[in-house]
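Chain residues, written in single-letter form:
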Amino acid sequence: MAIIMDGNRLSRDVRNHVTSEALRLKQNRGIVPGLAVILVGEDAASKIYVKRKESACKEVGFLSREFRLPHDTTQKKILQIIRELNHDQSIHGILVQLPLPGHINPDTVIETIDPRKDVDGFHPWNVGRLFSGDPYHIACTPRGIVEMIDRHGIEIEGKEAVIVGRSNIVGKPLALLLLNRHATVTICHSRTKNLSEVTKRADILIAAAGRPEMIKSGMIKDGAVVIDVGINRLDNGRLVGDVAFAEVAEKASHITPVPGGVGPMTIAMLLVNTLKAASL
Ligand code: NDP
(Lines give C-alpha, C1' and ligand atoms only; values in the text may rest on other atoms or scores of the structure.)
Protein backbone atom coordinates (compact mmCIF):
# COMPACT_ATOMS: atom_id res chain seq x y z
CA MET A 1 0.00 0.00 0.00
CA ALA A 2 1.38 3.40 -1.03
CA ILE A 3 2.35 6.20 1.32
CA ILE A 4 -0.37 8.84 1.15
CA MET A 5 1.09 12.28 0.47
CA ASP A 6 -1.08 14.37 2.74
CA GLY A 7 -1.45 17.82 1.19
CA ASN A 8 -3.39 19.13 4.16
CA ARG A 9 -0.58 18.31 6.57
CA LEU A 10 2.22 19.49 4.28
CA SER A 11 0.43 22.71 3.48
CA ARG A 12 -0.10 23.35 7.19
CA ASP A 13 3.67 23.12 7.68
CA VAL A 14 4.20 25.59 4.84
CA ARG A 15 1.54 27.96 6.19
CA ASN A 16 3.06 27.86 9.68
CA HIS A 17 6.40 28.84 8.20
CA VAL A 18 4.80 31.64 6.17
CA THR A 19 3.00 32.91 9.29
CA SER A 20 6.24 33.25 11.26
CA GLU A 21 8.09 34.82 8.31
CA ALA A 22 5.26 37.32 7.82
CA LEU A 23 5.43 38.24 11.48
CA ARG A 24 9.18 38.80 11.22
CA LEU A 25 8.69 40.97 8.15
CA LYS A 26 6.18 43.08 10.03
CA GLN A 27 8.35 43.41 13.13
CA ASN A 28 11.62 44.09 11.32
CA ARG A 29 10.49 46.17 8.35
CA GLY A 30 6.87 47.15 9.04
CA ILE A 31 5.68 45.30 5.93
CA VAL A 32 2.41 43.35 5.85
CA PRO A 33 2.21 41.19 2.69
CA GLY A 34 -0.85 42.16 0.65
CA LEU A 35 -2.66 40.08 -1.98
CA ALA A 36 -5.32 41.48 -4.31
CA VAL A 37 -7.71 38.96 -5.84
CA ILE A 38 -9.87 39.91 -8.81
CA LEU A 39 -12.90 37.77 -9.57
CA VAL A 40 -15.06 38.57 -12.58
CA GLY A 41 -18.47 36.93 -12.90
CA GLU A 42 -20.32 34.23 -11.05
CA ASP A 43 -18.44 31.00 -11.81
CA ALA A 44 -19.24 28.77 -8.82
CA ALA A 45 -15.89 26.95 -8.69
CA SER A 46 -13.98 30.23 -9.03
CA LYS A 47 -15.92 31.70 -6.11
CA ILE A 48 -14.91 28.76 -3.92
CA TYR A 49 -11.23 29.04 -4.94
CA VAL A 50 -11.19 32.79 -4.29
CA LYS A 51 -12.77 32.32 -0.88
CA ARG A 52 -10.14 29.72 0.05
CA LYS A 53 -7.34 32.02 -1.07
CA GLU A 54 -8.72 34.93 0.93
CA SER A 55 -9.12 32.93 4.10
CA ALA A 56 -5.62 31.44 3.70
CA CYS A 57 -4.26 35.00 3.45
CA LYS A 58 -6.02 36.10 6.59
CA GLU A 59 -4.89 33.01 8.48
CA VAL A 60 -1.20 33.79 7.87
CA GLY A 61 -1.57 37.49 8.68
CA PHE A 62 -1.59 38.89 5.13
CA LEU A 63 -3.73 41.75 3.94
CA SER A 64 -6.31 40.48 1.45
CA ARG A 65 -8.21 42.78 -0.90
CA GLU A 66 -11.03 41.42 -2.98
CA PHE A 67 -12.48 42.81 -6.19
CA ARG A 68 -15.69 41.00 -7.05
CA LEU A 69 -16.76 42.38 -10.38
CA PRO A 70 -19.95 41.68 -12.35
CA HIS A 71 -19.80 39.42 -15.42
CA ASP A 72 -20.25 42.36 -17.83
CA THR A 73 -17.27 44.35 -16.48
CA THR A 74 -15.28 45.74 -19.41
CA GLN A 75 -11.70 44.73 -20.08
CA LYS A 76 -10.75 48.39 -19.85
CA LYS A 77 -12.08 48.56 -16.29
CA ILE A 78 -10.16 45.42 -15.24
CA LEU A 79 -6.93 46.75 -16.77
CA GLN A 80 -7.44 50.04 -14.94
CA ILE A 81 -7.81 48.23 -11.58
CA ILE A 82 -4.67 46.18 -12.28
CA ARG A 83 -2.65 49.30 -13.17
CA GLU A 84 -3.72 50.93 -9.91
CA LEU A 85 -2.76 47.81 -7.96
CA ASN A 86 0.61 47.70 -9.74
CA HIS A 87 1.36 51.05 -8.10
CA ASP A 88 -0.25 50.31 -4.74
CA GLN A 89 2.54 49.85 -2.19
CA SER A 90 0.32 47.89 0.19
CA ILE A 91 -0.27 45.23 -2.48
CA HIS A 92 2.55 42.81 -3.30
CA GLY A 93 0.63 40.12 -5.18
CA ILE A 94 -2.13 40.43 -7.80
CA LEU A 95 -4.19 37.47 -8.86
CA VAL A 96 -6.91 37.38 -11.49
CA GLN A 97 -9.03 34.28 -11.07
CA LEU A 98 -9.39 32.32 -14.32
CA PRO A 99 -11.40 31.59 -16.38
CA LEU A 100 -12.50 35.08 -17.37
CA PRO A 101 -15.74 35.81 -19.25
CA GLY A 102 -15.44 35.41 -23.04
CA HIS A 103 -15.29 39.14 -23.86
CA ILE A 104 -12.06 39.54 -21.89
CA ASN A 105 -8.68 38.50 -23.27
CA PRO A 106 -6.86 36.65 -20.46
CA ASP A 107 -3.43 37.20 -22.05
CA THR A 108 -3.91 40.98 -22.12
CA VAL A 109 -5.06 40.92 -18.50
CA ILE A 110 -2.13 38.82 -17.29
CA GLU A 111 0.39 40.85 -19.27
CA THR A 112 -0.86 44.01 -17.55
CA ILE A 113 0.11 42.71 -14.10
CA ASP A 114 3.53 43.86 -12.90
CA PRO A 115 5.52 40.60 -13.28
CA ARG A 116 6.97 41.01 -9.81
CA LYS A 117 3.42 41.06 -8.41
CA ASP A 118 2.32 38.15 -10.65
CA VAL A 119 2.14 35.60 -7.82
CA ASP A 120 0.37 33.08 -10.08
CA GLY A 121 3.49 32.98 -12.25
CA PHE A 122 1.49 33.25 -15.48
CA HIS A 123 3.03 36.45 -16.93
CA PRO A 124 5.27 35.76 -19.97
CA TRP A 125 8.20 37.27 -18.04
CA ASN A 126 7.78 34.68 -15.28
CA VAL A 127 7.21 31.91 -17.82
CA GLY A 128 10.40 32.98 -19.62
CA ARG A 129 12.39 33.04 -16.39
CA LEU A 130 11.26 29.48 -15.67
CA PHE A 131 12.11 28.47 -19.23
CA SER A 132 15.63 29.85 -18.88
CA GLY A 133 16.18 27.97 -15.62
CA ASP A 134 16.18 31.09 -13.43
CA PRO A 135 12.59 31.28 -12.16
CA TYR A 136 11.13 34.25 -10.29
CA HIS A 137 7.47 33.53 -9.46
CA ILE A 138 6.65 29.89 -10.23
CA ALA A 139 3.07 28.81 -11.01
CA CYS A 140 1.54 27.58 -7.77
CA THR A 141 0.30 24.11 -8.69
CA PRO A 142 3.56 22.89 -10.27
CA ARG A 143 5.54 24.46 -7.45
CA GLY A 144 3.31 22.76 -4.87
CA ILE A 145 3.82 19.40 -6.57
CA VAL A 146 7.61 19.69 -6.47
CA GLU A 147 7.40 20.82 -2.83
CA MET A 148 5.38 17.69 -1.98
CA ILE A 149 7.90 15.45 -3.71
CA ASP A 150 10.79 17.16 -1.91
CA ARG A 151 9.10 17.04 1.48
CA HIS A 152 8.79 13.27 1.10
CA GLY A 153 12.50 12.98 0.43
CA ILE A 154 11.94 11.63 -3.09
CA GLU A 155 14.87 12.15 -5.45
CA ILE A 156 13.96 13.88 -8.72
CA GLU A 157 17.34 13.94 -10.45
CA GLY A 158 17.75 11.20 -13.04
CA LYS A 159 14.15 9.98 -12.69
CA GLU A 160 11.71 9.36 -15.53
CA ALA A 161 8.88 11.85 -15.00
CA VAL A 162 5.77 11.55 -17.12
CA ILE A 163 3.12 14.28 -17.10
CA VAL A 164 -0.32 13.69 -18.55
CA GLY A 165 -1.59 17.14 -19.61
CA ARG A 166 0.14 20.06 -21.30
CA SER A 167 -1.74 23.12 -20.08
CA ASN A 168 0.06 26.41 -19.50
CA ILE A 169 -0.87 26.39 -15.82
CA VAL A 170 0.06 22.82 -14.88
CA GLY A 171 1.65 20.47 -17.43
CA LYS A 172 4.10 22.76 -19.21
CA PRO A 173 5.49 24.68 -16.21
CA LEU A 174 5.76 21.44 -14.24
CA ALA A 175 7.76 19.89 -17.08
CA LEU A 176 10.21 22.80 -16.95
CA LEU A 177 10.51 22.62 -13.16
CA LEU A 178 11.26 18.90 -13.25
CA LEU A 179 13.67 19.37 -16.14
CA ASN A 180 15.47 22.07 -14.15
CA ARG A 181 15.76 19.46 -11.41
CA HIS A 182 17.37 17.01 -13.86
CA ALA A 183 14.48 14.60 -14.38
CA THR A 184 13.95 13.07 -17.83
CA VAL A 185 10.57 14.49 -18.70
CA THR A 186 7.85 13.31 -21.08
CA ILE A 187 4.65 15.28 -21.60
CA CYS A 188 1.55 13.42 -22.82
CA HIS A 189 -1.69 14.90 -24.17
CA SER A 190 -4.91 13.90 -25.85
CA ARG A 191 -3.14 12.86 -29.04
CA THR A 192 -0.43 10.77 -27.40
CA LYS A 193 -0.44 7.28 -28.88
CA ASN A 194 -0.24 4.25 -26.56
CA LEU A 195 -0.55 6.39 -23.45
CA SER A 196 -0.15 3.51 -21.04
CA GLU A 197 3.13 2.46 -22.69
CA VAL A 198 4.47 5.90 -21.82
CA THR A 199 2.97 6.18 -18.33
CA LYS A 200 4.37 2.75 -17.41
CA ARG A 201 7.88 4.15 -17.84
CA ALA A 202 7.33 6.77 -15.14
CA ASP A 203 9.14 6.76 -11.83
CA ILE A 204 7.12 9.88 -11.13
CA LEU A 205 3.73 10.11 -12.84
CA ILE A 206 1.69 13.31 -12.72
CA ALA A 207 -1.91 13.20 -13.94
CA ALA A 208 -3.29 16.61 -14.93
CA ALA A 209 -5.82 15.86 -17.65
CA GLY A 210 -9.13 16.58 -15.94
CA ARG A 211 -10.44 13.08 -16.79
CA PRO A 212 -12.02 11.24 -13.86
CA GLU A 213 -10.00 8.19 -12.77
CA MET A 214 -8.39 7.69 -16.19
CA ILE A 215 -5.10 6.41 -14.73
CA LYS A 216 -5.62 2.76 -13.80
CA SER A 217 -3.22 0.44 -12.02
CA GLY A 218 -2.31 -1.25 -15.32
CA MET A 219 -0.89 2.07 -16.54
CA ILE A 220 1.75 2.50 -13.84
CA LYS A 221 4.91 0.69 -12.90
CA ASP A 222 5.41 -0.93 -9.51
CA GLY A 223 6.62 1.58 -6.94
CA ALA A 224 5.88 4.70 -8.98
CA VAL A 225 5.20 8.03 -7.28
CA VAL A 226 1.75 9.12 -8.47
CA ILE A 227 0.63 12.73 -8.19
CA ASP A 228 -3.00 13.44 -8.99
CA VAL A 229 -3.76 17.02 -9.98
CA GLY A 230 -7.24 16.41 -11.39
CA ILE A 231 -10.36 17.68 -9.69
CA ASN A 232 -13.47 16.17 -11.24
CA ARG A 233 -17.02 16.32 -9.95
CA LEU A 234 -19.00 13.18 -10.86
CA ASP A 235 -22.73 13.26 -11.64
CA ASN A 236 -23.40 11.80 -8.18
CA GLY A 237 -21.60 14.79 -6.62
CA ARG A 238 -18.47 12.85 -5.60
CA LEU A 239 -15.12 14.57 -6.13
CA VAL A 240 -12.45 12.39 -7.76
CA GLY A 241 -9.06 12.91 -9.29
CA ASP A 242 -7.60 11.69 -12.57
CA VAL A 243 -6.26 8.57 -10.84
CA ALA A 244 -8.27 5.48 -9.84
CA PHE A 245 -7.02 5.93 -6.30
CA ALA A 246 -7.84 2.57 -4.65
CA GLU A 247 -6.30 0.32 -7.30
CA VAL A 248 -3.30 2.56 -8.05
CA ALA A 249 -2.51 2.91 -4.33
CA GLU A 250 -1.96 -0.87 -4.25
CA LYS A 251 0.90 -0.56 -6.73
CA ALA A 252 2.41 2.91 -6.21
CA SER A 253 5.03 3.80 -3.59
CA HIS A 254 3.47 7.23 -2.97
CA ILE A 255 0.15 8.73 -4.02
CA THR A 256 -1.74 11.98 -3.47
CA PRO A 257 -5.43 11.86 -2.53
CA VAL A 258 -8.20 14.00 -4.05
CA PRO A 259 -9.29 16.06 -2.25
CA GLY A 260 -6.52 16.85 0.24
CA GLY A 261 -3.51 16.39 -2.04
CA VAL A 262 -2.26 18.90 -4.58
CA GLY A 263 -5.10 21.41 -3.99
CA PRO A 264 -4.03 22.63 -0.51
CA MET A 265 -0.40 22.83 -1.68
CA THR A 266 -1.43 25.12 -4.55
CA ILE A 267 -2.85 27.63 -2.09
CA ALA A 268 0.16 27.31 0.21
CA MET A 269 2.46 28.19 -2.72
CA LEU A 270 0.38 31.28 -3.47
CA LEU A 271 1.20 32.44 0.06
CA VAL A 272 4.89 31.63 -0.43
CA ASN A 273 4.97 33.65 -3.68
CA THR A 274 3.19 36.60 -2.05
CA LEU A 275 5.60 36.53 0.89
CA LYS A 276 8.51 36.58 -1.55
CA ALA A 277 7.02 39.52 -3.45
CA ALA A 278 6.60 41.44 -0.17
CA SER A 279 10.08 40.60 1.10
CA LEU A 280 12.01 42.15 -1.81
P1 NDP B 1 -6.71 21.67 -19.26
O2 NDP B 1 -8.08 21.22 -19.67
O3 NDP B 1 -6.25 23.02 -19.60
O4 NDP B 1 -5.64 20.63 -19.85
C5 NDP B 1 -5.86 19.26 -19.83
C6 NDP B 1 -4.73 18.56 -20.53
O7 NDP B 1 -4.93 17.16 -20.45
C8 NDP B 1 -4.61 18.92 -22.01
O9 NDP B 1 -3.25 19.09 -22.36
C10 NDP B 1 -5.20 17.70 -22.72
O11 NDP B 1 -4.62 17.42 -23.97
C12 NDP B 1 -4.85 16.59 -21.74
N13 NDP B 1 -5.79 15.48 -21.84
C14 NDP B 1 -7.13 15.53 -21.76
N15 NDP B 1 -7.65 14.30 -21.90
C16 NDP B 1 -6.61 13.46 -22.08
C17 NDP B 1 -6.51 12.06 -22.29
N18 NDP B 1 -7.59 11.28 -22.35
N19 NDP B 1 -5.27 11.53 -22.44
C20 NDP B 1 -4.17 12.31 -22.38
N21 NDP B 1 -4.22 13.65 -22.17
C22 NDP B 1 -5.42 14.22 -22.03
O23 NDP B 1 -6.65 21.41 -17.71
P24 NDP B 1 -5.74 22.04 -16.52
O25 NDP B 1 -4.31 21.77 -16.76
O26 NDP B 1 -6.18 23.42 -16.25
O27 NDP B 1 -6.26 21.14 -15.32
C28 NDP B 1 -6.16 19.73 -15.33
C29 NDP B 1 -6.90 19.17 -14.13
O30 NDP B 1 -6.27 19.64 -12.95
C31 NDP B 1 -8.37 19.62 -14.02
O32 NDP B 1 -9.10 18.56 -13.44
C33 NDP B 1 -8.30 20.79 -13.06
O34 NDP B 1 -9.51 20.97 -12.36
C35 NDP B 1 -7.20 20.35 -12.14
N36 NDP B 1 -6.47 21.44 -11.49
C37 NDP B 1 -6.20 21.30 -10.17
C38 NDP B 1 -5.48 22.24 -9.50
C39 NDP B 1 -5.18 22.01 -8.06
O40 NDP B 1 -4.80 22.95 -7.38
N41 NDP B 1 -5.32 20.79 -7.56
C42 NDP B 1 -5.00 23.45 -10.15
C43 NDP B 1 -5.25 23.48 -11.58
C44 NDP B 1 -5.98 22.50 -12.21
P45 NDP B 1 -4.72 18.44 -25.23
O46 NDP B 1 -3.76 19.56 -24.93
O47 NDP B 1 -4.29 17.61 -26.38
O48 NDP B 1 -6.15 18.89 -25.29
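**What about unusual backbone geometry?**
Here comes step 1: Looking along the chain, the bond that leaves leucine 98 and enters proline 99 is cis, with omega of 0°.
Here comes step 2: Structurally, proline 99 is set in the loop between strand 4 (93–96) and helix 4 (106–112).
Here comes step 3: In the segment running from valine 258 into proline 259, the intervening peptide bond is cis, with an omega of 0°.
Here comes step 4: With a phi angle near 70°, histidine 182 is a residue other than glycine that sits in the positive phi range.
Here comes step 5: Topologically, histidine 182 is positioned in the loop between helix 7 (171–180) and strand 6 (184–188).
Here comes step 6: Its identity is not glycine, yet glutamate 213 carries a phi of approximately 50°, on the positive side.

**Brief notes about the site of the ligand**
Here comes step 1: Taken together, 22 residues lie near the ligand, and Arg166, Ser167, Ser190, Ile231 and Thr266 sit nearest.
Here comes step 2: A distance of 3.1 Å separates a nitrogen atom of the ligand from a polar side-chain atom of arginine 211.
Here comes step 3: Summarising the interface, the protein chains cover 71% of the accessible area of the ligand, which totals 930 Å² for the free molecule.
Here comes step 4: No other element matches helix 10 (residues 262–279), which puts three residues into the shell around the ligand.
Here comes step 5: Among the residues forming the shell around the ligand, the class breakdown is ten nonpolar, ten polar and two charged.

**Here's the deal with the side chain of aspartate 228**
Here comes step 1: Looking at the element boundaries, aspartate 228 is found in strand 8 (residues 225–228).
Here comes step 2: Buried aspartate 228, no salt bridge; nearest opposite-charge side chain is arginine 238, N-O distance 10 Å.
Here comes step 3: Of the polar contacts made by the side chain of aspartate 228, one reaches the backbone nitrogen of glycine 230; its length is 3.2 Å.
Here comes step 4: Separated by 2.8 Å, the side chain of aspartate 228 and the backbone nitrogen of aspartate 242 make a polar contact.
Here comes step 5: Aside from chain neighbours lying at most four places away, what touches aspartate 228 is Ala207, Gly241, Asp242, Val243, Thr256, Val258 and Val262.

**Here's the deal with the environment of isoleucine 138**
Here comes step 1: Locating isoleucine 138 in the fold gives a position in the loop between helix 5 (124–131) and helix 6 (140–151).
Here comes step 2: The exposure class of isoleucine 138 is buried, given its relative accessible area of 12%.
Here comes step 3: In sequence terms isoleucine 138 and asparagine 273 are 135 residues apart; their C-alpha atoms lie 7.7 Å from each other.
Here comes step 4: Not counting the four nearest positions on each side in its chain, isoleucine 138 is found in contact with Asp120, Gly121, Arg143, Leu177 and Asn273.

**Thoughts on the pairing of strand 3 (residues 63–69)**
Here comes step 1: In terms of strand pairing, strand 2 (residues 34–40) meets strand 3 through seven bridges, oriented parallel. Of the residues in strand 3, the one forming a bridge with valine 37 is glutamate 66.
Here comes step 2: In this fold, the crossover linking strand 2 to strand 3 by way of helix 2 (residues 44–59) has right-handed handedness.

**What to know about the sheet that holds strand 8**
Here comes step 1: Judged by pairing direction, the sheet is parallel, and its six strands sit side by side in the order 1-11-8-7-5-6 without closing on themselves. Only two strands of the sheet have a single neighbouring strand rather than two, namely strand 1 (3–4) and strand 6.
Here comes step 2: Relative to strand 6, strand 5 (residues 160–164) is paired through five bridges, and the arrangement is parallel. Residue pairing across strands places glutamate 160 opposite threonine 184, the latter belonging to strand 6.

About the thresholds
Residues numbered from 1 in each chain as written. Predicted model: local features only at pLDDT ≥ 70, side-chain atom pairs only at ≥ 80, totals over all residues. Heavy atoms only, no water. Helix = DSSP H or I, 4+ residues; strand = E, 2+ residues; numbered from the N terminus. Near = heavy atom within 4 Å. Polar contact = N/O pair within 3.5 Å; in protein donor to acceptor, adjacent residues only side chain to side chain. Areas by Shrake-Rupley, 256 points an atom, 1.4 Å probe, with all protein chains shown as cover. Nonpolar A, V, L, I, M, F, W, Y, C, P; charged D, E, K, R; others polar. Buried < 20%, exposed > 50% of the residue type's maximum accessible area, 1.4 Å probe, protein only. Lys, Arg positive; Asp, Glu negative; His and termini not counted. Salt bridge = Lys/Arg side-chain N within 4 Å of Asp/Glu carboxyl O. Contact = heavy atoms within 4.5 Å. Pairing = 2+ DSSP bridges. Right-handed = clockwise from strand over helix to strand, strands pointing away.

In short, geometric facts, not functional conclusions.
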